[in-house]
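Structural overview
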Amino acid sequence: MTKVSRLNSIETGSVSGGDGGIAQLAFVEHTIWDAQRAHLRRNDSVASAPPKPSALRVAILRAAHQLLDKPLVFEDPLALSILGAEGEAFLRSDPSQCDIARLKGFRASLVLRGRIADDEWARERERGAHQCVILGAGLDTFAYRYPDHARCRVFEVDLPAVIRWKRGCLRMAGIEEPDSLTFVAADLEHDSLADALREAGFDPKSPAFFSYLGVTMYLDEEAVMRTLRFVGSLAPGSAIVFDYAVHPRRLSPREQEIMERVDKRTAESGEPWKTHLDPVSLVKTLRKLGFTDVHDFSPDELNARYLSGRTDGLRKGSLTGIVSARV
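Figured I'd write up the structure that's included with this text. (Residues numbered from 1 in each chain as written. Predicted model: local features only at pLDDT ≥ 70, side-chain atom pairs only at ≥ 80, totals over all residues. Heavy atoms only, no water.)

A count of helices and strands for the protein chain gives eleven helices and eight strands. For the protein chain, the proportion of its 327 residues judged to be buried stands at 57%. For the protein chain, the accessible surface area stands at approximately 13700 Å², while carbon and sulfur atoms represent 49% of it. (Helix = DSSP H or I, 4+ residues; strand = E, 2+ residues; numbered from the N terminus. Buried < 20%, exposed > 50% of the residue type's maximum accessible area, 1.4 Å probe, protein only. Areas by Shrake-Rupley, 256 points an atom, 1.4 Å probe, with all protein chains shown as cover.)

Set out below in structure tokens:
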């Protein structure tokens, strides 16, 4: 065979604003991608850009967290190596090139969502879940970080081109694909997730945990709800952690302006944010879809639980939310 100090300038990270810091991150992304291409093209034809640029950006910032932020919120021993030897060396040579003030909120959000997913998976394992599904896996390292996965099934779902890129990165880094892992090629916008997982050996009658991170904002709302409806229909004990872009009507005027810039920049990049969800309505919808235990984490709650006492300015902003829900 995956409130917030001045909006922290904000959680939107690389898609907001247009200053030199954002240009610096773009330089880091291009440098690491060029290094990857030099290796990957030995085995496959490689495009001029990553099949999912946002996935590379997230992987870089997750790796930067391992070097910049102490104590770590989200420990990922493979975050650097999956970038490739040259990419890792480049990042280690000067981690400060990713320590951009207006990216700290974005970095906080992505490491917090990863930490919550890990924490919730650990709880579900104790409750008896033996299937884990990573939706929109990108360069996520979850399936390769835990030695006890031999007793579980892990399914990584993503576009075919992203899976090819991911597997090339794994080979390049010398990271072994565990026997417990199955790659599932599917377009979460258009394909039937139920059919794709069934064909891959997923058991809908057995409790499963789903990690759905950094995906919902890039899909049409209908596709998002279709996925949530499917998870809500699964065996009791199934659960999901996902994040989402908050609907502008739940944001302050200043936050609304920033979200407008996010939408504009993501559209220009070719990966638009299509869906923004109202937190209040979302909780009600999840209960209607079959989830009995729903928790929408507030920024204040997350900052108090995971970021309290820090002096480095790492804080969760309000533009995105994180939810855990259980059937």
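This paragraph deals with the pairing of strand β1 (residues 131-135). Burial analysis of β1 places five of its five residues in the buried class, the great majority of the element. Of the two faces of β1, the one lined by Gln131, Val133 and Leu135 and the one lined by Cys132 and Ile134 are each fully buried. Summarising the sheet, β1 and strand β2 (residues 153-158) pair through five bridges and their orientation is parallel. Bridging from a neighbouring strand, Val133 pairs with Phe155 of β2. With four bridges joining them, β1 and strand β4 (residues 208-212) adopt parallel strand pairing. Its bridge partner lying in β4, Cys132 is registered against Phe209. (Pairing = 2+ DSSP bridges.)

Next up on the list: the pattern of salt bridges. Between side chains of opposite charge, a pair can form when the charged atoms approach closely. Scanning all chains against the criterion turns up 22 salt bridges. The salt bridge involving Asp119 is made with Arg115; its shortest N-O contact spans 3.2 Å. In this pair, Asp119 and Arg115 both sit in helix α4 (residues 104-127), four residues apart, roughly one turn of the helix. Taking relative accessible area as the criterion, Arg115 reaches 28% and is therefore assigned partly exposed. Measuring nitrogen to oxygen at the nearest pair gives 2.9 Å for the salt bridge that ties Arg249 to Asp278. Placement of the pair is Arg249 in the loop between β5 (239-246) and α9 (253-269) and Asp278 in the loop between β6 (276-277) and α10 (279-288), with a sequence separation of 29 residues. Assessed through its relative accessible area of 56%, Arg249 is described here as exposed. For Asp278, a relative accessible area of 6% translates into the label buried. (Salt bridge = Lys/Arg side-chain N within 4 Å of Asp/Glu carboxyl O.)

Structurally, Gln97 is set in the loop between α3 (85-93) and α4. Among the residues examined, Gln97 registers a relative accessible area of 7% and is labelled buried. A polar side-chain atom of Gln97 sits 3.2 Å from the main-chain carbonyl oxygen of Phe90. In this structure the side chain of Gln97 is engaged in a polar contact, spanning 3.0 Å, whose partner is the backbone oxygen of Asp94. (Polar contact = N/O pair within 3.5 Å; in protein donor to acceptor, adjacent residues only side chain to side chain.)

In this fold, Arg167 is placed in helix α6 (residues 160-173). Accessibility expressed as a relative area gives 30% for Arg167, which makes it partly exposed.

Judged by how many residues are buried, β2 sits mostly within the fold: five of six residues are covered. Of the strand pairs in this sheet, β2 and strand β3 (residues 181-185) are connected by five bridges, and their pairing is parallel. Paired with Val154 across the strands is Leu181, a residue of β3. As for the winding sense of the linkage, the β-α-β connection from β2 through α6 to β3 is right-handed. (Right-handed = clockwise from strand over helix to strand, strands pointing away.)

Turning our eyes to something else, we now look at the state of the cysteines. Overall, the coordinates contain zero disulfides when judged by the stated rule. In this structure Cys132 is not part of a disulfide, and its nearest cysteine sulfur, from Cys152, lies 8.1 Å away. (Disulfide = S-S within 2.5 Å.)

With that settled, consider the environment of Glu88. Within the secondary structure, Glu88 is located in helix α3. Each C-alpha atom, one on Glu88 and one on Ala63, is 8.4 Å from the other, the two residues being 25 residues apart in sequence. Contact partners of Glu88, with chain neighbours within four places excluded, come to Leu80, Ser81 and Leu83. (Contact = heavy atoms within 4.5 Å.)

Moving on: the packing of aromatic side chains. Summed over all chains, the structure comprises nine aromatic pairs. Measuring from centroid to centroid gives 6.0 Å for Phe202 and Phe210, while their planes differ by 70°, and the two rings are edge-to-face. Across the pair, exposure class does not vary: Phe202 and Phe210 are buried alike. Geometrically, the ring pair formed by Phe242 and Tyr244 is tilted, given 6.4 Å between the ring centres and 50° between the ring planes. Of the residues examined, Phe242 reaches a relative accessible area of 0% and is grouped as buried. (Phe/Tyr/Trp six-rings, centres within 6.5 Å; stacked < 30°, edge-to-face > 60°.)

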